[in-house]
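In case you want the letters, here they are:
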Amino acid sequence: MGKLEGKVAVITGGSSGLALETAKRFVAEGAYVFITGRRQEALDEAVKQIGRNVTGVRGDASNLDDLDRLFDTVKGEKGRIDVLFASAGKGEAAVLGEITEEHFDKEFGLIVRGTLFTAQKALPLINDGGSIIMTGSVASVKGFPGFGVYAASKAALRSFARTWLNELKGRNIRVNVLSPGQVDTPDSQRLDEATRKMFEALVPRGKMGRPEEIAAAALFLASDEASYVNGLDFAVDGGFSAI
Amino acid sequence: MGKLEGKVAVITGGTSGMALASAKLFVEEGAYVFVTGRKQEQIDEAVKLIGRNVTGVQGDAANLEDLDRLFEIVKREKGRIDILFASAGIGEALPLGQITEQHFDKTFNLNVRGTLFTVQKALPLFNEGGSILMTGSNAAAKGFPGFGVYAASKLALRSFARTWLNELKERKIRVNLLVPGAIATPMQESVLTPEARQYFESLIPRGTMGQSEEVATVALFLASNDSSFVNGQELFVDGGMTAI
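From a predicted model like this one, the values you see are computed outputs, not experimental measurements.

Criteria and cut-off values
Per-chain numbering applies: the sequence of each chain, read as written, is numbered from 1 onward. Both sets of labels track the order of writing: A upward for chains, 1 upward for ligands. In view of the model being predicted, local features appear only for residues whose pLDDT reaches at least 70, and side-chain atom pairs are presented and counted only at 80 or more, with totals across whole chains, interfaces and linings using the full set of residues. Helix numbers and strand numbers start at the N terminus; a helix is a DSSP run of H or I with at least 4 residues, a strand a run of E with at least 2. For this measure, only C-alpha atoms enter the radius of gyration; the expected value for a globule follows 2.2 Å times N^0.38, where N is the number of residues. Note on burial: count the other C-beta atoms lying within 10 Å of the residue's C-beta; 20 or more is buried, 12 or fewer is exposed, in between is partly exposed, and C-beta positions come from the backbone. Throughout, a residue-residue contact means that the two C-beta atoms, derived from backbone geometry, are no farther apart than 7 Å. The pLDDT score gives, residue by residue, the confidence of the prediction method on a 0 to 100 scale. The angle between two axes is taken between their N-to-C directions and runs from 0 to 180 degrees, where each axis is a line fitted to C-alpha atoms and a helix contributes only its stretch in contact. We call two directions roughly parallel when the angle between them is under 35 degrees, roughly antiparallel when it is over 145, roughly perpendicular when it lies between 65 and 115, and oblique otherwise. Should the near helix be turned anticlockwise from the far one by less than a right angle, the crossing is left-handed, and should it be turned clockwise, the crossing is right-handed. The criterion for strand pairing is that DSSP finds at least two bridges linking the strands in question. Joining buried Ala, Val, Leu, Ile, Met, Phe, Trp, Tyr and Cys residues through C-beta atoms within 7 Å gives a set, and that set is a nonpolar core.

### Section: the overall build of chain A
Reasoning step 1: From N to C terminus, chain A includes 8 helices and 7 strands.
Reasoning step 2: Relative to the compact-globule value of 18 Å for 243 residues, chain A shows a C-alpha radius of gyration of 17 Å, a close match.
Reasoning step 3: C-alpha atoms of chain A, sized along the principal axes, occupy 45 × 40 × 40 Å.
Reasoning step 4: Looking at chain A as a whole, 52% of its 243 residues qualify as buried.
Reasoning step 5: Looking at chain A alone, contacts between residues at least 24 apart form 70% of all its contacts between residues at least 6 apart.

Printed below as a string of structure tokens:
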């Protein structure tokens, strides 16, 4: 029997990379999954790849009307949520001195504001005993040049996790942050060879993580195996941030 | 198929509480497990409880000769190790001002020195791609009065984990710290007064202590390939106590 048998999961930004891989794993473990994405085409492709027990809902996680529509759809089709994986986010680089308002507003608008309202709008549908997972980044505990705004936006999620787990304790809802390190995704494959090599050199095993390895950690946090795990900023980075 | 099918695990201090629950779960998931403990009686009881695919070895994890004997037995019976769960430890309370040499020596000898030599002596038997887990404590991230020596001994293990994962990266051996909070184990039951128990429960968001089985599922995650990209972590299993 699967670890998420009969559970309903919502995964934002679930049409590519780590979140798509997680959606596949959740369905393989018995869950019904709603995924979101901004582009209909990518969303259709993801739904096709997942194959069954999935609904794709087009929308931008930084747009509150889109979020309302998402949760209306979830409510209409399933009526409840057991696992929310707020994963929508995008990291763009700008060094101090060259940061524009637009850069700041875009990063914080999606990663911080979008994640907050994703969780808040999901809340009325989340079952007692549910699990909320947000995607952080090991960048938030490092100092990669150019990624100050991105890192800070991800660090804010850790504070949300700690506050919300306390505010939601009466409903036994757990809140954790999953912070991937260097992972081989379609995004990272677009990096130039020198940057890829640099990233790989930072990982003790010398190889980036695979999306399946992040999905396994997300499954752990989503399932009852982590019933006493709460408020973590859980780095899944092959040891990169520990050394 | 189990998650640890065909794997060999060694669990020190494995005759009670969280480590015993982990040993049981590891065997259910297909592993062969060696458990150690200081008292033969408790070992026999644990071996009976686990039921199959288990060898009990009497020994004190602070005693290097006992450790030699343990790994000789493992070598003879199985020849190799995939998972080492160094869990033997003690936590006694004494506030600054009343700390004795004996208290310091006893705590550090078992929790730090014992853990170090457990790992070092296990190393020659370790398969490539193995997993080392050590038991930390969320006391190391808090300031519980009386537990300064204990907390410091547990935090030392984090430094070991970070150093060793780097030293062992060629062999692809992962090293993580499992960090329990307040768990309802026989050891905690025996030392906690009802008042202390109530105090700890008030610190846990859900208001009830963790169960040993809830730690065992996390130990299984860290031991198995599900955590193949998890390394050098302090994985808190404390219901959120440390985070708030």
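That shown, we press on.
### Comments concerning the overall build of chain B
Reasoning step 1: Looking only at helices and strands, chain B features 8 helices and 7 strands.
Reasoning step 2: The C-alpha radius of gyration computed for chain B amounts to 17 Å, which stays within 12% of the reference 18 Å derived for 244 residues, consistent with globular compactness.
Reasoning step 3: Along the first, second and third principal axes, the C-alpha atoms of chain B reach 45 × 40 × 40 Å.
Reasoning step 4: Counting the 244 residues in chain B, one finds 52% classified as buried.
Reasoning step 5: In chain B, once contacts between residues fewer than 6 apart in sequence are set aside, the share between residues at least 24 apart is 70%.

### Some remarks on the environment of L178 of chain A
All names here are of chain A.
Reasoning step 1: Along the chain, L178 turns up in strand β6 (residues 174-180).
Reasoning step 2: Spatially, the C-alpha atoms of L178 and M134 are 6.1 Å apart, while their sequence positions differ by 44 residues.
Reasoning step 3: Every residue in contact with L178, bar those within four places of it in the chain, is listed here: I133, T135, G136, A217, A218, L221, F234 and V236.

### Regarding the confidence of the model for chain B
Reasoning step 1: This prediction gives chain B a mean pLDDT of 95; 100% of its residues lie at or above 70.
Reasoning step 2: Confidence estimates for the predicted assembly give a pTM of 0.91 and an ipTM of 0.85.

### Structural notes on the packing of helix α4 (residues 101-122) of chain A against helix α5 (residues 148-167) of chain A
Residue and element names in this part refer to chain A.
Reasoning step 1: It is the contact of α4 with α5, at a shortest axis distance of 9 Å, that shows an interaxial angle of 20°. The orientation of α4 with respect to α5, classified from their angle, is roughly parallel. For the crossing formed where α4 meets α5, the hand is right-handed. When α4 is examined against α5, the residues H103, F104, E107, F108, I111, V112, T115, L116 and A119 are found in contact with a partner set consisting of V149, Y150, S153, K154, A156, L157, F160 and W164.

### Regarding the pairing of strand β4 (residues 81-86) of chain B
Residues and elements named next belong to chain B.
Reasoning step 1: Here β4 lies mainly inside the structure; 6 of its 6 residues are buried.
Reasoning step 2: Judged from the 4 bridges that link them, strand β1 (residues 8-12) and β4 form a sheet pairing that is parallel. Bridging across to β4, I11 finds its partner in F85.
Reasoning step 3: Of the pairings in the sheet, the one linking β4 to strand β5 (residues 126-135) comprises 5 bridges and is parallel in character. Pairing of I81 across the sheet is with F126, part of β5.

### Section: the interface of chain A and chain B
Reports of interface size often rely on the accessible area that becomes lost once the parts have come together.
Reasoning step 1: With 28 residues of chain A at the interface, the matching set in chain B holds 26 residues.
Reasoning step 2: Elements with a minimum of two residues in the side of chain A that touches chain B: α5, α8 (211-222) and β7 (233-236) of chain A.

### Regarding the nonpolar core
Reasoning step 1: Residues A9 and V33 of chain A together with V33 of chain B are the most contacted members of the largest nonpolar core, which totals 146 residues.
Reasoning step 2: A total of 9 residues in this core trace back to one element, the largest contributor, which is α8 of chain A.
Reasoning step 3: The contact partners of A9 of chain A, leaving out residues within four places of it in the chain, are L4, F26, A31, V33, D82, V83, F85 and A222 of chain A.
Reasoning step 4: Core analysis: the next-biggest nonpolar cluster, separate from the first, contains 6 residues, A139, A140, F147 and V149 of chain B among them.

### Let's talk about the sheet that holds strand β2 (residues 32-37) of chain A
Residue and element names in this part refer to chain A.
Reasoning step 1: In spatial order, the strands read β3-β2-β1-β4-β5-β6-β7; together these 7 strands make up an open sheet with parallel pairing. Looking at which strands have only one partner, the edges of the open sheet turn out to be β3 (54-58) and β7. Strand-to-strand, the axes of this sheet are offset by a mean angle of 20°, without reference to chain direction.
Reasoning step 2: When strand β1 (residues 8-12) meets β2, the two strands line up parallel, connected through 4 bridges. From the neighbouring strand, V10 faces β2, where its bridge partner is F34.

### Details of the sheet that holds strand β3 (residues 54-58) of chain B
All names here are of chain B.
Reasoning step 1: Read from one edge to the other, the open sheet built from 7 strands follows the order β3-β2-β1-β4-β5-β6-β7, with strand pairing classed as parallel. Single-partner strands in this sheet number two, and they are β3 and β7 (234-237). Pairs of neighbouring strands in the sheet enclose a mean axial angle of 20°, with direction left out of account.
Reasoning step 2: Each of β5, β6 (174-180) and β7 is contacted by helix α5 (residues 148-167), which is oriented at about 160° to β6, the strand it contacts most.

### Focus: unusual backbone geometry
Reasoning step 1: With a phi close to 55°, N172 of chain A is a non-glycine residue in the positive phi region.
Reasoning step 2: Within the secondary structure layout, N172 of chain A lies in the loop between α5 and β6.
Reasoning step 3: Take N172 of chain A: there are 16 C-beta atoms within 10 Å of it, and that puts it in the partly exposed class.
Reasoning step 4: Positioned with a positive phi, N53 of chain B is a non-glycine residue whose angle comes to about 50°.
Reasoning step 5: You can see N53 of chain B is positioned in the loop between α2 (40-50) and β3.

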